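Residue-level structure breakdown
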Amino acid sequence: MPDTPDTAPTAPPDRSREPGQGLTKEEALHRLLEGHWRYLENSRLQRTVTAADRGLHAQGQYPFAALLGCADSRVAPELIFDQGQGDLFVVRVAGNIIGLSGLASLEYAVQNLGVRLIVVMGHENCGAVKAALDVHDAPGPIGYLLREIAPAVEVARTAPGPLLDRAVECNVKHTVNNILERSETLKKYVDDGQLRVVGIVYRLSSGDIEFHATAG
Ligand SMILES: [Zn+2]
């Protein structure tokens, strides 16, 4: 019998349970942007979550991107990027600053979960950034938060255009820089070409995102 070539189409391998879902930094960003487009088009995927899905989730997590965002109720990453349970490793804190626990969380996502993309997401009309513009000192934990944002605000004061918008943009860039300055581990991943860190601003009014920083 002559050999007959196998011409049957083969489905792409399911990589959803590999570290980082097997995605490169470029592929991870592409997947996020595809989801954001669905969000903008009001065509988010209709996802079901079955008992079997929950069983798989209980066995392990395989997010393909990490995101540091503001705690603001209007900027939920899974909605804005139309992603499902288990897709995004998310750290949220008012003003999207990077503290020690946030940094440890991002290092875990990269080192242990194989994530190759970190997104820092600020947003239009951020109350924490506005407070850092308006208030020069405050006691307790809020004072700490404002002091973390303060250097970005001072840079923004020298830039043209609406002050709060500029301050939000500067704060995103400042956080991206802080991540790379404060984490030798993440800096090394970036320098080795394995990790990308991007800083974006989400516009509440339009749903658009704007890129303001990229490393790696
Ligand atoms: Zn905010």
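Note that the coordinates shown come from a computational prediction; the quantities given were computed from them, not determined experimentally.

Comments concerning the packing of helix H4 (residues 100-111) against helix H8 (residues 184-191)
Closest axis-to-axis distance for the H4/H8 pair is 9 Å, and the angle between their directions is 40°. In terms of their interaxial angle, H4 and H8 are classed as oblique. Along this stretch, H4 crosses H8, giving a crossing that reads as left-handed. Residues Leu106, Glu107, Val110 and Gln111 of H4 pack against Thr185, Leu186 and Tyr189 of H8. Class assignment of the residues belonging to the contact of H4 with H8 gives a composition of 4 nonpolar, 2 polar and 1 charged.

A closer look at the sheet that holds strand E3 (residues 117-123)
An order of E2-E1-E3-E4-E5 is seen for the 5 strands of this open sheet, with the pairing classed as mixed. If you trace the sheet from one side to the other, it starts and ends with strand E2 (88-92) and strand E5 (209-215), each paired once. Strand after strand, the sheet turns through a mean of 20° between neighbouring axes, direction not considered. As defined by bridge partners, E3 adjoins strand E4 (residues 196-202) across 7 bridges and the pair is classed as parallel.

Brief notes about the pairing of strand E1 (residues 65-69)
Note on strand geometry: in a regular strand, side chains alternate between the two faces of the sheet. Of all 5 residues in E1, 5 are buried, a share of seventy percent or more. What you see with E1 is no split at all: Ala65, Leu67 and Gly69 on one side and Ala66 and Leu68 on the other are buried throughout. The sheet contact formed by E1 and E2 spans 5 bridges and is parallel. Across the sheet, residue Ala66 finds its bridge partner in E2, namely Phe89. Here E1 pairs with E3 via 4 bridges, running parallel. Each residue of the ladder has a partner; that of Leu68, found in E3, is Val120.

Quick look at the packing of helix H5 (residues 127-134) against helix H6 (residues 140-157)
Interaxial distance between H5 and H6 falls to 9 Å at its minimum, and their mutual angle equals 75°. In terms of their interaxial angle, H5 and H6 are classed as roughly perpendicular. The segment H5 lies against H6, with Ala128, Val129, Ala131, Ala132 and Leu133 engaging Leu145, Leu146, Ile149, Ala150 and Val153. Along the lines of polarity and charge, the residues of the contact of H5 with H6 split into 10 nonpolar, no polar and no charged.

Examining the environment of Asn178
Looking at the element boundaries, Asn178 is found in helix H7 (residues 163-182). Separated by 106 residues in the primary sequence, Asn178 and Asp72 have C-alpha atoms spaced 21 Å apart.

Topic: helix H1 (residues 25-40)
For H1, which comprises 16 residues, the first-to-last C-alpha distance of 23 Å matches the rise-based estimate of 22 Å (1.5 Å per residue) to within 8%. Burial in H1 covers these residues: Lys25, Ala28, Leu29, Leu32 and Gly35. One side of H1 carries all its buried residues, which in axial view fall inside an arc of 125°. What points out from H1, more than 90 degrees from its buried face, is the exposed set Glu26, Leu33, Glu34 and Trp37. Just past H1, the residue Asn42 takes up positive phi, approximately 55°.

Side note on the environment of Leu56
One can find Leu56 in helix H2 (residues 51-59). Given 14 C-beta atoms within 10 Å, Leu56 falls into the partly exposed group. For Leu56 and Arg17, which are 39 residues apart along the polypeptide, the C-alpha to C-alpha distance reads 9.3 Å.

Quick word on the pairing of E4
The buried count for E4 comes to 7 of 7 residues, which makes it a mostly enclosed element. Here E4 shows two buried faces, one formed by Arg196, Val198, Ile200 and Tyr202 and the other by Val197, Gly199 and Val201. Examined bridge by bridge, E4 and E5 share 6 bridges and lie antiparallel to one another. Paired with Val198 across the strands is Thr214, a residue of E5.

Examining H4
Taking 1.5 Å per residue as the helical rise, H4 with its 12 residues ought to reach 16 Å, and the 16 Å between its terminal C-alpha atoms agrees with that figure. If you check which residues of H4 are buried, you get Leu106, Ala109 and Val110. The buried residues of H4 occupy one face: seen down the axis, they fall within an arc of 95°. The exposed residues of H4 that point more than 90 degrees off its buried face are Leu100, Ser101 and Gln111. On its buried face, H4 is in contact with E1, E2, E3, H7 and H8.

Criteria and cut-off values
- Residues numbered from 1 in each chain as written.
- Predicted model: local features only at pLDDT ≥ 70, side-chain atom pairs only at ≥ 80, totals over all residues.
- Axes fitted to C-alpha atoms, helices over the stretch in contact; angles between N-to-C directions.
- Helix = DSSP H or I, 4+ residues; strand = E, 2+ residues; numbered from the N terminus.
- Parallel < 35°, antiparallel > 145°, perpendicular 65-115°, else oblique.
- Left-handed = near helix turned anticlockwise from the far one by under 90°.
- Contact = placed C-beta atoms within 7 Å.
- Nonpolar A, V, L, I, M, F, W, Y, C, P; charged D, E, K, R; others polar.
- Pairing = 2+ DSSP bridges.
- Buried ≥ 20, exposed ≤ 12 C-beta atoms within 10 Å, placed from the backbone.
- Expected span 1.5 Å × (residues − 1).
- Arc of directions from axis to C-beta.

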